[in-house]
Amino acid sequence: MYKILLVDDDRLIRRSLATTIPWKRYGYELVGEASNGEEGLSLIDQHKPQIVISDIKMPFMDGLQMASIGKTRYPEMKVILLTGYEDFKFAQEAIKIKAFDYLLKPVESSILLKKVQQAAMEWEYEQRSQMQKVKGIRFLKQKWLKKLLHQRHHSLEIYNEMEKFNVYLKGECVAVSIIRLEDIPKEGQLDEERLDHAYKICSQAIENQGEVFDWEENEFIVILSGHSKEEILKEMKKLIEQICLDIEAELGIRATAAAGEVHNTTSIALSYFQAREVLKSQRVVAQKQIGYRPHEDYGSVVDKAIEYMEQHYNKEGLTLNEVAQAVHVNPSYLSNMFKVKKGTNFSDCLLELRMRKAMELLRDRNAKVYEVAEMVGYSNPQYFSVCFKKYV
C-alpha cells in the first residue's frame, strides 16, 4: 500500500482532500496531515511516504522549500504541488525541485486521484529499475568473491578485477565477517523482501568501510577494510554486533556473526575460512577471531541518546542522525529502540524535552518568548509558539 501525506495550512482543504477520495479503496494509506512545511518535513522523516500532496503558500516553511528538502533526503518521493495562484514562477520552481506535478486549486477529486495513480506508477517503475540494477551489482560482487575463494592460486589478476565487479576496498588490511540468520524454518529460506532488508542493514552499518556480499542460504559476507590492523580490530566488534542487533530489532530474526583475523588485502580468502571455522564452532574466542551473539542492553543506548539530547536540545536542527552518530548506532536502530523503550518516537521525545525546558525558562526567568525559543532550539518564534500551545 502506497503511503500518502497531505500538507496544507487550510484545515478545511486538508479534511476535504482526506475524505473526498476513498484512499484505502484505491490502495493508498493516508499516513498524516500537516499544516505547514516544517510539520510536513517532520512527518516525511517519520513516515517516508511515497507521495506528498502539498499546498505551496504556507506559514513557517512553504511547500516548495519543504519539497526541496524532502526530495534531497528522499529522491524517490513524488511531490504533487497545489496552489491557488497561476504564477509561472511557481511552475518554474516546481520543475527545478523535480516535483511530479503542479495543479491549480480547486482541483477535482478525479483529477487529483489520476495524478496520484500516475505518481505511484512512476515510483513503482523507478523502484523496480533500481532494484534490478542493485541486484545486478550484488550478483557481480558475489561472482568475484566466489572466484577468489575457489581459486587455488590467488593470483593478482583477480584483485585487479575488483573494479570491474563493483568491489571497492580501501586500505591495505581486511577482515572478513560472516553474518548468518538463525532460526529459519528448515523447509525454506527467508522471503526475498526480508533478505533484501537484511542486506540493506549490513550495507548501512558498514557504509564506506568495506563491502557486503550475498552468500550461502541466509548468509552475508561483510569485508571490513582499513589502513591498519588496529583500525579494523577497533571497528570489527562494534560493527558486527550492531548488524546483529539491527537485524533482530527490525526483522525479529536472531543473527550470529563470526570474524576472521585481519590480513593484508591479498589474503581475503584466509580471513574468510577463519571466520567460517569460528562460525562452525559456535563459540566465543579471542579478540582476533570473534564469534558473537550480542546481548547489549537496548535501554542503555536510549539513555545515552537522551543524555546527548539533554546536552544539545538548544541546537537548532538537532536530528536523529546526529544523535545516533553520537551514541555509535545507526539511525533506524535508535528510532526502533525509542519506540521499544519509551513508547514514542525520537521527534516527540525531543519536542517534549524542549517544551519542558521552555516551561522552566518561562517560569524562572523574565525572558521574552523569542529568547526562550532560541534557547530551546527554535529560530522561528512563531513556530515555537505553535508547538508550545499544542504541548501545553
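Per chain, residues are indexed from 1 in the order of the written sequence. Where local features are concerned, this predicted model is filtered to residues with pLDDT of at least 70; where side-chain atom pairs are given and counted, the filter is 80 or more; whole-chain, interface and lining totals use all residues. Side-chain measures here rest on the full set of heavy atoms in the structure, leaving out hydrogens and waters.

Let's talk about the pairing of strand β1 (residues 2-7)
Phase 1 of the analysis: In short, DSSP must find at least two bridges between two strands for them to pair. The helix and strand labels rest on DSSP assignments: H or I over at least four residues marks a helix, E over at least two residues marks a strand, and numbering proceeds from the N terminus. The pairing of β1 with strand β2 (residues 28-34) spans six bridges and is parallel. Note that in β2 the partner of Val 7 across the bridge is Ala 34.
Phase 2 of the analysis: Taking the sense of rotation as the criterion, the β-α-β connection linking β1, helix α1 (residues 11-19) and β2 turns out right-handed.
Phase 3 of the analysis: Note that β1 and strand β3 (residues 51-55) share four bridges and pair parallel. Each bridged residue has a counterpart across the sheet, and for Val 7 the counterpart in β3 is Ser 54. When the strands point away from the viewer and the connection leading from the first strand across the helix to the second strand turns clockwise, the crossover is called right-handed.

With respect to unusual backbone geometry
Phase 1 of the analysis: At the junction of Lys 105 and Pro 106, the peptide bond is cis and its omega measures out at -10° in the coordinates.
Phase 2 of the analysis: Positioned with a positive phi, Lys 98 is a non-glycine residue whose angle comes to about 65°.
Phase 3 of the analysis: Mapped onto the secondary structure, Lys 98 falls in the loop between α4 (88-96) and β5 (101-104).
Phase 4 of the analysis: Of note, the phi angle at Glu 207 is positive, near 45°, even though the residue is not glycine.
Phase 5 of the analysis: Its place among the elements puts Glu 207 in the loop between α7 (192-206) and β7 (210-214).
Phase 6 of the analysis: Burial classes follow relative accessibility: with a 1.4 Å probe on protein chains only, a residue under 20% of its type's maximum area counts as buried, one over 50% as exposed, and anything between as partly exposed. The exposed category is assigned to Glu 207, whose relative accessible area is 58%.

Describing the packing of aromatic side chains
Phase 1 of the analysis: Ring geometry is summarised as follows: Phe, Tyr and Trp rings, the Trp one being its six-membered ring, pair when their centres sit within 6.5 Å, and such pairs are stacked at plane angles under 30 degrees, edge-to-face over 60 and tilted between the two. Using the criterion set out here, one finds twelve aromatic pairs in the structure.
Phase 2 of the analysis: Judged by centre distance (6.1 Å) and plane angle (90°), the rings of Trp 23 and Tyr 28 are edge-to-face. For the pair formed by Trp 23 and Tyr 28, the shared burial category is buried.
Phase 3 of the analysis: Here the aromatic rings of Phe 338 and Phe 346 are separated by 5.9 Å at their centres, their planes lie at 80°, and the arrangement is edge-to-face.
Phase 4 of the analysis: The rings of Phe 60, Tyr 378, Tyr 383, Phe 384 and Phe 388 are connected pair by pair, giving a single aromatic cluster.
Phase 5 of the analysis: In this structure, Lys 141 is placed above the aromatic ring of Phe 213, and the distance from its NZ or CZ to the ring centre is 5.5 Å. Only lysine NZ and arginine CZ atoms are considered, and such an atom sits over a ring when it is within 6 Å of the ring centre and within 35 degrees of the ring normal.

Comments concerning helix α8 (residues 229-251)
Phase 1 of the analysis: Helix span, expected: 1.5 Å multiplied by one less than the number of residues in the helix. End to end, α8 covers 32 Å across 23 residues, agreeing with the expected 33 Å (1.5 Å per residue, within 8%).
Phase 2 of the analysis: Helix geometry: α8 is bent most strongly at Met 236, by close to 30°.
Phase 3 of the analysis: Downstream of α8 by one or two residues, Gly 252 has phi in the positive range, about 70°. Note on bend: at a given residue it equals the angle between the axes fitted to the 7 residues ending there and to the 7 starting there.

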